[in-house]
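Notes for the structure review
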Amino acid sequence: MFILTLLPGVSLAQGRIKLDFGEAGDREVWVSDQSLLPASTLKAPEATLDLPLPVAENNNLYVWDRKTGNVAMKSVGSLKGTWKLTAADYVLAGKVVVRVEHEGDPVAVAFVKLKDAAGEKESQIDASKKGEAIFFGIKPGKVDVTVRYNSNGVDAEPAQQSFILNSKRAEPDPTFIVSLAQDVETVGSKEPDEGTVKTTGGEGSKPEDSKPADKPAPKGSVFGSIIVYLLALGAAGAAIYFGLRYMKDNQDKVKAQLQKVGVQVPDPQDPAQQDPGPAPIPIAPAPPQKIMLDDADPNLPPAPSTPNSVPPVSVSQPSLVMENGDVFPIPDGETSVGREAGNGLALVTESTVSRKHATIQKNGVEITVRDEGSSNGTFVNGVKVSTDVILRPGDQVHFGQVIFRYEA
């Protein structure tokens with residue numbers, strides 16, 4: 001892993017580069033690296049950098065201008081002396097966020113694929129990401145977004161939407177919003193406040209706006225309704241009280257009137273009509289004692305399942321999963337793996353991955369991987385690959401220092 005450091009007072013044998021930004025600003029600079037974390041934050045108009053040795057000439061030096069959100073990129077081997085950065089050098093957009101929501105609330109689980117002019121990238125959304133998939137290093141222009149998700153327990157039709165990513169934009173880190181029409185699990189859902197209704201805006205609008213509902217009733221009419229309700233409640237309570245009092249003082253009369261209309265009134269002096277009290281609580285019988293025959297084997301396996309029982313079935317597309325949770329579904333046929341953007345699995349920021357590092361082959365249900373003469377090798381479960389190796393679920397696959405887990 002090659003990390004760019006600021007060493008203004010130390011000169012190495014090679015690799016000294018002067019960066020001329022033209023003006024002061026907030027920037028981050030790094031060399032091709034597995035991590036996207038910057039090695040330094042630069043605010044001065046210019047800086048002199050010493051690259052740590054050894055640095056392969058085909059690695060890239062990146063400069064992220066946080067004011068515009070754009071990233072300049074140039075091969076280390078092509079840098080000599082001073083690199084005076086211009087607007088034409090900023091060929092990528094830095095951070096791009098795709099927010100997936102349903103009725104204004106972020107979805108809990110989804111798979112997001114973003115396709116630009118350089119290729120495709122995929123990211124998985126879980127509850128902790130609050131509906132947001134984050135991508136880095138996107139070419140400006142048309143961007144196609146595909147969202148795969150589950151609705152009511154089944155796979156829904158993928159949602160597809162296109163956006164235009166401009167080099168000059170109001171927000172340095174733009175957010176593209178994809179709204180799902182079908183029911184889907186969301187996180188952080190909140191009922192709208194009383195007196196407001198949800199509305200959905202177009203691109204650039206807030207995810208959820210509120211507008212006043214029907215005009216509320218005047219305060220005077222509300223107060224009058226409360227007074228009428230309290231008076232009615234008091235009158236009903238008084239009627240009940242006097243009715244019970246009359247029944248207590250005239251028990252014989254009330255009993256006679258009830259018997260005339262066919263209502264049987266219990267006699268408290270009659271033992272047959274007295275309340276026998278709560279029914280006894282039944283006691284469950286003890287379970288029968290397990291009987292073991294003398295010639296029975298106590299370690300017999302359990303009985304086979306009935307024909308109606310269904311074993312759990314896991315259905316998913318064969319995929320390579322990175323340590324950070326990003327998922328790469330493996331398509332049919334051959335897929336090249338390498339650092340160049342044209343590869344099917346493009347690891348453009350990984351310095352330990354060769355330009356064309358390895359090949360993944362999918363024939364039916366069989367997935368194989370082979371190394372293509374890479375500098376740092378391809379490994380399956382720690383064993384270096386020299387020929388085609390069949391992958392099995394759970395296998396760890398290393399391309400250089402980049403680690404994937406194979407799932408199917």
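All values reported here derive from a predicted model rather than from experimental measurement. (Residues numbered from 1 in each chain as written. Predicted model: local features only at pLDDT ≥ 70, side-chain atom pairs only at ≥ 80, totals over all residues. Heavy atoms only, no water.)

In this section: the pairing of strand 5 (residues 60–65). For strand 5, a buried count of six out of six residues is recorded, marking the element as mostly surrounded by other parts of the structure. Residues Asn 60, Tyr 62 and Trp 64 of strand 5 are buried on one face, and the alternating residues Leu 61, Val 63 and Asp 65, pointing to the opposite face, are buried as well. Where strand 2 (residues 27–31) meets strand 5, five bridges bridge the pair, whose relative direction is antiparallel. Each bridged residue has a counterpart across the sheet, and for Trp 30 the counterpart in strand 5 is Tyr 62. The sheet contact formed by strand 5 and strand 6 (residues 70–75) spans six bridges and is antiparallel. By the bridge assignment, Val 63 is partnered in strand 6 with Ala 72. (Buried < 20%, exposed > 50% of the residue type's maximum accessible area, 1.4 Å probe, protein only. Helix = DSSP H or I, 4+ residues; strand = E, 2+ residues; numbered from the N terminus. Pairing = 2+ DSSP bridges.)

One open sheet holds the five strands; their spatial order is 23-22-24-25-28, and the pairing between them is mixed. Bordering the open sheet on either side are strand 23 (345–346) and strand 28 (389–390), each of which pairs with just one other strand. Relative to strand 23, strand 22 (residues 333–338) runs parallel, the two sharing two bridges. Within strand 23, the position partnered with Gly 338 by the bridge is Ala 346.

Next up on the list: the environment of Val 109. Looking at the secondary structure, you find Val 109 in the loop between strand 9 (105–106) and strand 10 (110–116). On the accessibility criterion, Val 109 (45% relative accessible area) is partly exposed. It is 8.7 Å that separates the C-alpha atoms of Val 109 and Val 184, two residues lying 75 residues apart in sequence. If we ignore the near neighbours within four places in the chain, the residues touching Val 109 are Ile 125 and Tyr 149. (Contact = heavy atoms within 4.5 Å.)

A cluster of nonpolar side chains, namely Ile 226, Ile 227, Tyr 229, Leu 230, Leu 231 and Leu 233, defines an oily patch on the protein surface of about 630 Å² accessible area. Take Ile 226: it is sitting in helix 1 (residues 219–249). (Patch = residues over 30% accessible without salt bridge, like charges linked within 9 Å, V, L, I, M, F, W, Y side chains within 5 Å. Areas by Shrake-Rupley, 256 points an atom, 1.4 Å probe, with all protein chains shown as cover. Salt bridge = Lys/Arg side-chain N within 4 Å of Asp/Glu carboxyl O.)

Attention now moves to unusual backbone geometry. Backbone geometry places Lys 130, a non-glycine residue, at a positive phi of 55°. Relative to the assigned elements, Lys 130 resides in the loop between strand 11 (119–125) and strand 12 (132–138). A residue is classified by how much of its surface remains accessible, and Lys 130, at 57% relative accessible area, is exposed. The phi dihedral of Asn 152 falls on the positive side, at around 55°, and the residue is not glycine.

What follows concerns the packing of aromatic side chains. Overall, the coordinates contain six aromatic pairs when judged by the stated rule. Taking the centre distance of 4.8 Å and the plane angle of 80° together, the rings of Trp 64 and Phe 136 count as edge-to-face. Within this pair, whereas Trp 64 is found in strand 5, its partner Phe 136 is found in strand 12, the two being separated by 72 residues in sequence. An identical accessibility class is assigned to Trp 64 and Phe 136; each is buried. Centre to centre, the rings of Phe 163 and Phe 176 are 4.5 Å apart; their planes meet at 5°, and the pair counts as stacked. Taken as a pair, Phe 163 in strand 16 (residues 159–165) and Phe 176 in strand 17 (residues 175–179) lie far apart in primary sequence, 13 residues in all. Owing to a relative accessible area of 5%, Phe 176 belongs among the buried residues under this scheme. Pairwise contacts between aromatic rings join Trp 30, Tyr 62, Trp 64 and Phe 136 into one cluster. Positioned above the aromatic ring of Trp 64 is the side chain of Arg 66, whose terminal nitrogen or guanidinium carbon lies 4.0 Å from the ring centre. (Phe/Tyr/Trp six-rings, centres within 6.5 Å; stacked < 30°, edge-to-face > 60°. Lys NZ or Arg CZ within 6 Å of the ring centre and 35° of its normal.)

This part covers the pattern of salt bridges. Under the definition given, this model contains 14 salt bridges. Here Asp 173 makes a salt bridge to Arg 66, at a shortest N to O gap of 3.6 Å. Taken together, the residues Asp 173 in the loop between strand 16 and strand 17 and Arg 66 in the loop between strand 5 and strand 6 connect sequence positions 107 residues apart. Of the charged contacts, one joins Asp 332 and Lys 362 as a salt bridge, the two residues approaching to 3.3 Å between their closest N and O atoms. A residue pair is termed long-range when its members are at least 10 positions apart, and Asp 332 in the loop between strand 21 (327–329) and strand 22 and Lys 362 in strand 24 (residues 358–363) qualify at 30 residues. The class of Asp 332 is exposed, set by a relative accessible area of 63%.

Turning to its location among the elements, Glu 28 is positioned in strand 2. When its relative accessible area of 11% is taken as the criterion, Glu 28 is described as buried. Within the structure, the side chain of Glu 28 is placed 3.1 Å from the side chain of Arg 66, a separation counted as a polar contact. (Polar contact = N/O pair within 3.5 Å; in protein donor to acceptor, adjacent residues only side chain to side chain.)

Before going further, it helps to examine the environment of Asn 150. Structurally, Asn 150 is set in strand 14 (residues 150–151). Between the C-alpha atoms of Asn 150 and Ala 110, which are 40 residues apart in sequence, the distance is 7.6 Å. Setting aside its immediate chain neighbours within four residues, Asn 150 contacts Asp 155, Ala 156, Asp 183 and Val 184. One polar contact links the side chain of Asn 150 to the main-chain amide nitrogen of Gly 153, over a distance of 3.0 Å.

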